[in-house]
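Geometric and topological summary
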Amino acid sequence: TPRTMWDFVYAMYNQRGIMGFYAGIGPAVWQIIPYMGLNFMLYETILQLEQQQQQGRKGGTAVVLLQSGYAGAISGGVSKFVVYPLDTAKKRLQAQSFYSTEYHYKNTLDCIRTMIRQEGLMSLYRGWIPSVLKTTISTSLSFSIYTMTQNFLATTLLDQQLQPQPQPQPQPQPQ
């Protein structure tokens, strides 16, 4: 077992070559595309529904931040749950690249098929609770901070546009 990061790098390279450092990259890429698309779609949908319900009511910055936060939490949690089987496959492929494991998967699809056949469908969701909780919190914070920054910049830029700009004074022409 490697004791330092350099020991790990050396052992990984000797054992698997350069490709060992890229184990699990397929499912990582495959999961990020639907994850981000679903995440933003759900976030915008929740905000639009919230705006329709809020029509005519007054709401300040705190309400907008709260809406952004819980819309981010819901969208992040649901999106992570949907793509979690790919995350599980990614972790299994990464683990097998360094540690000897019970199974030797050829690729992502083989990993998922083998898991379902050997361990059942629920094996794809093993460990989902901590992962979804982490994603729920981090996505909520990310969208809240994004909204807060957006509001700050909009207010600052609007204030700058509303302030009278000093007009340059004409310079006297030498005679």
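Because the structure is a prediction, the values reported are computed rather than measured. (Residues numbered from 1 in each chain as written. Predicted model: local features only at pLDDT ≥ 70, side-chain atom pairs only at ≥ 80, totals over all residues. Heavy atoms only, no water.)

1. Topic: the packing of aromatic side chains
One pass over the full model with this rule turns up five aromatic pairs. Ring geometry for Phe40 and Phe143: centres 5.6 Å apart, planes at 90°, overall edge-to-face. Here Phe40 is found in helix 2 (residues 25–54), whereas its partner Phe143 is found in helix 5 (residues 128–162), with 103 residues between them in sequence. With a centroid separation of 5.1 Å and an interplanar angle of 75°, the aromatic rings of Phe81 and Trp128 are classed as edge-to-face. Of the two residues, Phe81 sits in helix 3 (residues 61–98) while Trp128 sits in helix 5, which places them 47 residues apart along the sequence. Judged by relative accessible area, Trp128 falls into the partly exposed class, the value being 31%. An aromatic cluster of at least three residues, connected via ring pairs, comprises Phe81, Tyr84, Tyr125 and Trp128. (Phe/Tyr/Trp six-rings, centres within 6.5 Å; stacked < 30°, edge-to-face > 60°. Helix = DSSP H or I, 4+ residues; strand = E, 2+ residues; numbered from the N terminus. Buried < 20%, exposed > 50% of the residue type's maximum accessible area, 1.4 Å probe, protein only.)

2. Concerning the side chain of Asp110
The topology assignment puts Asp110 in helix 4 (residues 108–119). One buried charge, Asp110, has no salt-bridge partner; the nearest side chain with opposite charge is Lys106, at 4.5 Å. (Lys, Arg positive; Asp, Glu negative; His and termini not counted. Salt bridge = Lys/Arg side-chain N within 4 Å of Asp/Glu carboxyl O.)

3. Things to note about helix 1 (residues 5–16)
Given a rise of 1.5 Å per residue, twelve residues ought to cover 16 Å, and the 16 Å separating the end C-alpha atoms of helix 1 matches this to within 8%. Where helix 1 terminates, the next one or two residues include Gly17, which has phi positive at roughly 75°. (Expected span 1.5 Å × (residues − 1).)

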